[in-house]
Structures are given as structure tokens and as C-alpha cells.
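If you want the building blocks of each chain, they are given just below.
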Amino acid sequence: MELLKERILRDGKVKEGGILKVDSFLNHQMDIGLLQEIGKEFRRLFPDESINKILTIEASGIGIAAITAQYFGNLPVVFAKKTKSKNLDGELYTAPVVSFTRGTQFDVQVAAKFLGPEDHVLVIDDFLARGQALKGLMQIVERSGAKLAGCGIVIEKGFQEGGRELRAAGVNLHSLAIIDSIEGGKIQFRQE
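Residues numbered from 1 in each chain as written. Predicted model: local features only at pLDDT ≥ 70, side-chain atom pairs only at ≥ 80, totals over all residues. Heavy atoms only, no water.

## Quick word on the overall build of the protein
Stated formally: The helix count covers DSSP runs of H or I at least four residues long, the strand count covers runs of E at least two residues long, and both are numbered beginning at the N terminus. For the radius of gyration, the atoms used are the C-alpha atoms, and the globule rule reads 2.2 Å times the number of residues raised to 0.38. Throughout, a contact is declared for two residues whenever any of their heavy atoms are within 4.5 Å. Only the protein chains shown count as covering a residue, and every accessible area follows the Shrake-Rupley method with a 1.4 Å probe.
Summing up its helical and strand segments, the protein has five helices and ten strands in all. In terms of overall dimensions, the protein is globule-like: its C-alpha atoms have a radius of gyration of 16 Å, near the 16 Å expected for 192 residues. Each of the three principal axes of the protein carries a C-alpha extent, and together these read 50 × 35 × 35 Å. Counting contacts in the protein only where the partners sit at least 6 residues apart, residues at least 24 apart contribute 61% of the total. Summed over its atoms, the accessible surface of the protein is roughly 9500 Å², and 48% of this surface lies on carbon and sulfur atoms.

If you want it as C-alpha cells, here you go:
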């Protein structure tokens, strides 16, 4: 997706430790026009008419998933919570996730009443590095008995193993921008 790549090159900041900051347009301040184009592209990449729910993880995935849902006929968006809350009640599906950027492990949770065997789920997230968040969300989909329709990622760090492992496992994974290198602060995209 050329529009996204141009924006990453213009406004993305490479930080020490393999971190790419895109907080000025994607995951802190959001460019709604760009997110609409992202949503349209996910709809094109996932034409499956049986998709009836979108799953993401708080917080950065919520805005992306909500706008994407409009292009799937205003589907419900479910987001996995990273912390227990008093208003999370009943049966929960949980999965452990290790955050690349935070370097911590936590359990993500989704109330069982929001996912079940009748659901065909599209997972949406902002970044894919080692794939831990995505694997956690996929575990939740599996535990719920729902069907995984695919996973849509805005930015994949192709120089880390997450995308490669998931594709090798047969996951229907589409990333809108795959970065193969950020060596020396220079962003290099995968040529497809």
C-alpha cells in the first residue's frame, strides 16, 4: 500500500532496539483519512463474505479495527483487554502475550459471550514483530470455537520472525507494509 509506505517514510521515526515510531499518524494520533484507506485495503484483501466479527487488542488496534469494520458492513469489533477489570464478568477466553515494545508478559482476555462457534473472525492489528499478540488472539479464536478468516496487519517487521512463522503455519496473513530493514535508521520495504 503505497500511501502507507509514503507516510511511514515521511513521518515514521526509527528508535534504538528495532522500534519504529508511527505515533503521529497510526497509534497515538490517528490520521482518519489514512485509516479509511487502510480499512478499504483490508476489505479488498479479505473478500470472504462469511466474516462476521473483527477481533483486535487494546489499545492501538481499536481505531484501525473500528474503521475497517465499516468496510465489512459495520461488523462488531471485539477487543482483547490487557488488564482485568471489574466489568469483565462471566466466562473469559485468555491467552498469554509477550509485548515486544514493553518487554513484559500479560494475559489478554475476551468475554466468552462475544465470540463463539458461529463466528468467522478477522484479526486486525497495527504491528507484527515476533507475532506474540497475534498468536494470543488466534488462541482466543480457537478456544471460542470460532473460525479464523485471516489476520490483517498494518505494518510488519519482516526482519523479525513473526510473519514468516505464521505464514509457514498456513495463516491467511496480509500485511499492508512489510519492512525488511531499519538498519542505520533507513527504512527498507519488501518489494513484492
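## Description of the sheet that holds strand 4 (residues 77-80)
Put simply, the test is: Note on pairing: two strands pair once DSSP finds at least 2 bridges between them. The angle between two axes is taken between their N-to-C directions and runs from 0 to 180 degrees, where each axis is a line fitted to C-alpha atoms and a helix contributes only its stretch in contact.
The strand order across the open sheet formed by six strands is 4-3-7-8-9-10, and the pairing between neighbours is mixed. At either end of the open sheet lies a strand with only one pairing partner, and these are strand 4 and strand 10 (188-189). As defined by bridge partners, strand 7 (residues 120-128) adjoins strand 8 (residues 147-157) across eight bridges and the pair is classed as parallel. Counterpart to L122 in the pairing with strand 8 is G150. Together, strand 7, strand 8 and strand 9 (173-181) form the strand contacts of helix 2 (residues 32-45), whose direction differs from that of strand 9 by roughly 115°.

## Remarks on the pattern of salt bridges
What counts, and what does not: By salt bridge we mean one thing: a side-chain nitrogen of Lys or Arg within 4 Å of a carboxyl oxygen of Asp or Glu. For every residue, the accessible area obtained with a 1.4 Å probe (protein chains only) is divided by the maximum for its type, and the residue is called buried under 20%, exposed over 50%, and partly exposed between those limits.
Counted under the stated rule, the structure contains 13 salt bridges. Between D119 and K53 there is a salt bridge whose closest N-O contact spans 3.4 Å. Pair noted here: D119 is in the loop between strand 6 (105-111) and strand 7 and K53 is in strand 3 (residues 53-57), with a separation of 66 residues, a long-range link. Across this residue pair, the class does not change: D119 and K53 are buried.

## As for unusual backbone geometry
Most peptide bonds are trans, and most residues other than glycine sit at a negative phi. Cis geometry is found at the peptide bond from E58 to A59, where omega equals -5°. One can find A59 in the loop between strand 3 and helix 3 (60-70). Residue N74 is not a glycine yet carries a positive backbone phi of 60°. Relative to the helices and strands, N74 resides in the loop between helix 3 and strand 4.

## A short note on the nonpolar core
Operational definition: What we call a nonpolar core is a set of buried Ala, Val, Leu, Ile, Met, Phe, Trp, Tyr and Cys residues that are connected through their side-chain atoms within 4.5 Å.
Core analysis: the biggest nonpolar cluster contains 32 residues, and L4, I8, L26, I38 and I155 have the highest contact counts within it. Secondary structure elements with two or more residues in this core: helix 1 (2-11), helix 2, helix 3, strand 7, strand 8 and strand 9. Ranked by residue count, the leading element in this core is helix 2, at five residues. Counting residues in each nonpolar core, the second largest holds 26 residues, with A112, L115, M138 and I140 among its members.

## Here's the deal with the pairing of strand 9
Going by this rule: A crossover counts as right-handed when, viewed with the strands pointing away from the observer, the path leading from the first strand over the helix to the second turns clockwise.
Counted residue by residue, strand 9 has seven buried out of nine residues, so it is predominantly covered. Pairing between strand 8 and strand 9: six bridges, direction parallel. Bridge pairing links K157 to I179 in strand 9. With respect to chirality, the unit in which strand 8 leads through helix 5 (residues 162-168) into the neighbouring parallel strand 9 is right-handed. As paired elements, strand 9 and strand 10 share two bridges and run antiparallel to each other. Paired with I179 across the strands is F189, a residue of strand 10.

## Regarding the environment of S60
Relative to the helices and strands, S60 resides in helix 3. Among the residues examined, S60 registers a relative accessible area of 26% and is labelled partly exposed. Sequence separation between S60 and D23 is 37 residues, and the spatial gap between their C-alpha atoms is 9.7 Å.

## Let's talk about helix 3
Listed in full, the buried residues belonging to helix 3 are G61, G63, I64, A65, I67, T68 and A69. Its buried side turned inward, helix 3 meets helix 2, strand 3, strand 4, strand 7 and strand 8.

## Re the side chain of S175
Locating S175 in the fold gives a position in strand 9. Using a relative accessible area of 14% as the deciding quantity, one classes S175 as buried. If we ignore the near neighbours within four places in the chain, the residues touching S175 are I153, V154, E156 and R167.

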